[in-house]
Amino acid sequence: MESVEVSLDHLPYALLATIMTKLDIASICSIATTSSTFRSCAQQIISFLPNFHLLDIAPSGDLLRPLLPPNNPYLKSLKVDCGRLDDSAIALLVKPSLHELCLHNCADFSGKLLSEIGTRCKDLRSLYLGSVAEKRGRAIHISDLEELLGGCSQLEALILMFDVSLFLRHNFARVWASASEKLTSLEIGYISSVTVTELLSSNLGSHQSLNPVQPSILPSIQKLCLSVDYITDAMVGTICKGLIFLTHLDLRDAPLIEPRITFDLTNAGLQQINQLGRLKHLSLIRSQEFLITYFRRVNDLGLLLMADKCANMESICLGGFCRVTDTGFKTILHSCSRLYKLKVTHGTQLTDLVFHDISATSLTLTHVSLRWCNLLTNHAVLSLASNKELKVLDLRDCRSLGDEALQAIGTLPRLKILLLDGSDITDEGLSYLRPSVINSIFALSLRGCKRLTDKCITALFDGCGVLELRELDLSNLPNLSDNGVLLLAKSRIPLFELRMRQCPLIGDTSVMALASMLVDEARWHGSSLRLLDLYNCGGITQLSFRWLKKPYFPRLKWLGVTGSVNRDMVDALARSRPFLHVACHGEELGADPYDISDGLYTHDYDEVDEFEQWLLEADVDSDDEELGDAENNVELVV
């Protein structure tokens, strides 16, 4: 009997449509390129998809238009990177049917985006807007914000990741009075502390009462995340007394000058936190982005006063409390029996003694971050390792940690993220992770661990089976060479992100090995990398740029290289792959990859290499010729 082969595009049309509705937009576009049947099916499906999420690339208006038909009444969730869009795309993006709208990188939009959302999206529940009107010549007016807040009467979550201090202060409270009473979560990219205090001061009418009245401004807010100029006593007090349902408070400042006492946080301010006992999450971070500065007016007494009301706290993040000693930090650990997440940065007086008897407490910590706590030693990690449920351990810039700490970490079976930047570990010490921990880790950072060599790759991965590891940072390792990367390529780990910046011995051989890496014999060849950082690697020449062209690295979306010596090669590569973000000034790729303030760091990756090919089909030949011309004009790219 002869066997009959049936291709997928011969399946019933209804079955194909059902399958496609389970895919994301990038996968639907990818499959549409394979046959006329799939293309026809995809065109129909796009007209009634409930979700359209395309954040992995920044599409132009022309590319987006056929993917977002105007006649889709079922579209509920839209997420787009707007880096190549402006006000002319508002009609494409702002749909009356939407419940969720997430627009990143809106620098080329004006305030019209806000007003149009308020006018058209009456049923919107969740809104994220990033970098609106940051490009010169764009502006947002207070009336735009008023139309947004007044029009979206069903809004429950609002994230405005831009500077709202540009709005007129004397009109600010009046505008926010019209915001949805259903709004429970608010995040603002930047706002002055004085504006926050004035905005919420009208809520303090009867805060002395045992039964506070419903606030008039933001009456239902439970989660508030703000970046401000200064965290002050006045602002903290107004927030905690004026928002009576608050369960999540996240405040971050980055002072330009050393704060005076009236514009700073003191023990008195901490005492006002959580008066009603509802807070579950508290984050108070003083960033040193512009100035080396701390909360110099807070000491152990402040934490003792705050801890009295924090018995139900589940997550605490404290950054820049330079006068708080072990006594204050220990009080938090012993007062908050439900604590599962602890983050301390720049804890200049935090020592091992804080964790000495942690095994005697009832704590079950799952997330611990102790960055820039330079007094910690291996003994602190030995004590922390009694928490076998640990999933995230961030010990970056704790420079006294060594192999003994690794031995303790090697006993944590659930660990997903391990960050050891700048520690004193060795190749031999890393072998402690191999028996069990390396099999579960998703992200590992060894940046700046100067004693590591090529042997660290063998110590970590020799003899390991299938690994969960997807993100690896080997930056600033002076003794890591091409031989180490060859070993990594042979391990066949399907990495999504590989950072090797500032490695002087890394060169063309590493790029060739990664480009031709065989990940899975049964499925596909080629590198799985979405992000590759080679900034300031000493041996990168024009040869590497030939391997960075298509079809190599088909999934690559972020590339870090040095472009200051000769920009022609870098610019030609960027033009040949317009959906590849090429960074050549030393900036870190993407957002902070290990910002774990809001939970376990995870990714939802989309494979869009076929989609890229579909979008750029007509331009490949000319782009490759341009890159070839650039190669002829370049002798060396460092």
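From a predicted model like this one, the values you see are computed outputs, not experimental measurements. (Residues numbered from 1 in each chain as written. Predicted model: local features only at pLDDT ≥ 70, side-chain atom pairs only at ≥ 80, totals over all residues. Heavy atoms only, no water.)

1. Quick word on the pattern of salt bridges
A side chain of one charge can pair with a side chain of the opposite charge if their charged atoms are brought near each other. Taken as a whole and judged by the stated rule, the model has 22 salt bridges. Between D397 and R399 there is a salt bridge whose closest N-O contact spans 3.2 Å. When the shortest N-O distance is used, the salt bridge between D533 and R501 registers 2.8 Å. Linking D533 in strand 18 (residues 531–533) with R501 in the loop between strand 17 (497–499) and helix 19 (508–515), this pair joins segments that are 32 residues apart in sequence. (Salt bridge = Lys/Arg side-chain N within 4 Å of Asp/Glu carboxyl O. Helix = DSSP H or I, 4+ residues; strand = E, 2+ residues; numbered from the N terminus.)

2. Describing the packing of helix 12 (residues 300–307) against helix 13 (residues 326–335)
At their nearest, the axes of helix 12 and helix 13 sit 8 Å apart, and the two run at 10° to each other. As far as their axial angle goes, helix 13 and helix 12 are roughly parallel. Read as a crossing pair, helix 12 and helix 13 show a hand that is left-handed. In this structure, helix 12 uses D300, L303, L304, M306 and A307 to contact helix 13, whose residues at the interface are T327, G328, F329, T331, I332 and S335. Taken together, the residues of the contact of helix 12 with helix 13 sort by class into six nonpolar, four polar and one charged. (Axes fitted to C-alpha atoms, helices over the stretch in contact; angles between N-to-C directions. Parallel < 35°, antiparallel > 145°, perpendicular 65-115°, else oblique. Left-handed = near helix turned anticlockwise from the far one by under 90°. Contact = heavy atoms within 4.5 Å. Nonpolar A, V, L, I, M, F, W, Y, C, P; charged D, E, K, R; others polar.)

3. With respect to helix 8 (residues 169–176)
Among all positions in helix 8, only N171, F172, V175 and W176 are buried. The buried residues of helix 8 all sit within an arc of 130° when viewed along its axis, so they share a single face. Next to the buried residues of helix 8 lie helix 7 (142–151), strand 5 (157–163), strand 6 (185–190) and helix 9 (193–200). (Buried < 20%, exposed > 50% of the residue type's maximum accessible area, 1.4 Å probe, protein only. Arc of directions from axis to C-beta.)

4. Some words on the packing of helix 18 (residues 482–490) against helix 19
It is at 8 Å that the axes of helix 18 and helix 19 come closest, and there the two elements cross at 5°. In this view, helix 18 runs roughly parallel relative to helix 19, as classed from their interaxial angle. Packed against helix 18, whose contacting residues are D482, V485, L486 and A489, the element helix 19 presents T509, S510, A513 and L514 at the interface. Of the residues contributing to the contact of helix 18 with helix 19, the split by class is five nonpolar, two polar and one charged.

5. Things to note about the nonpolar core
Of all hydrophobic cores here, the largest spans 183 residues; its most connected members are L93, I117, L145, W176, I239 and M500. Not counting residues up to four positions away in its chain, the partners in contact with I117 are V94, L101, L124, L127, L129, L148 and C152. Core analysis: the second largest hydrophobic core is formed by five residues, I417, L419, F442 and A443 among them. (Core = buried A, V, L, I, M, F, W, Y, C linked by side-chain atoms within 4.5 Å.)

6. Here we look at the state of the cysteines
Evaluation of the coordinates by the stated rule reveals zero disulfides. For the unlinked cysteine C152, the closest cysteine sulfur is that of C121, found at 6.2 Å. (Disulfide = S-S within 2.5 Å.)

7. Topic: the packing of aromatic side chains
Considering all chains together, one arrives at five aromatic pairs under this definition. One aromatic cluster is present, built from ring pairs that chain together F167, F172 and W176. We note R371 situated over the ring of W372; from NZ or CZ to the ring centre the distance is 4.0 Å. Between the NZ or CZ atom of R470 and the centre of the ring of F496, over which it lies, the distance is 5.7 Å. (Phe/Tyr/Trp six-rings, centres within 6.5 Å; stacked < 30°, edge-to-face > 60°. Lys NZ or Arg CZ within 6 Å of the ring centre and 35° of its normal.)

8. Side note on the environment of G484
Structurally, G484 can be placed in helix 18. It is 6.3 Å that separates the C-alpha atoms of G484 and I457, two residues lying 27 residues apart in sequence. In this structure G484 touches D454 and I457, once residues within four positions along its chain are discounted.

9. Section: the confidence of the model for the protein chain
Predicted confidence across the protein chain gives a mean pLDDT of 88, with 88% of residues reaching 70 or more. Of the regions scoring below 50 in pLDDT, residues 596–624 engages in 64 contacts with residues more than four places distant in sequence or in other chains. In this model residues 631–638 is a low-confidence stretch, pLDDT under 50, and it forms 25 contacts with partners more than four residues away in sequence or in other chains. (pLDDT = per-residue confidence, 0-100.)

10. Structural notes on the side chain of T266
Locating T266 in the fold gives a position in the loop between strand 8 (248–253) and helix 11 (267–271). Here T266 falls in the buried class, since its relative accessible area comes to 12%. The contact partners of T266, leaving out residues within four places of it in the chain, are D233, I261, R297 and V298.

11. Some details on the pairing of strand 9 (residues 281–286)
The buried count for strand 9 comes to six of six residues, which makes it a mostly enclosed element. Here strand 9 shows two buried faces, one formed by H281, S283 and I285 and the other by L282, L284 and R286. Note: strand 8 against strand 9, six bridges, orientation parallel. Across the sheet, the residue bridging to L249 is L282, located in strand 9. Note: strand 9 against strand 10 (residues 315–319), five bridges, orientation parallel. By the bridge assignment, L284 is partnered in strand 10 with L318. This β-α-β element, strand 9 to helix 12 to strand 10, shows right-handed connectivity. (Pairing = 2+ DSSP bridges. Right-handed = clockwise from strand over helix to strand, strands pointing away.)

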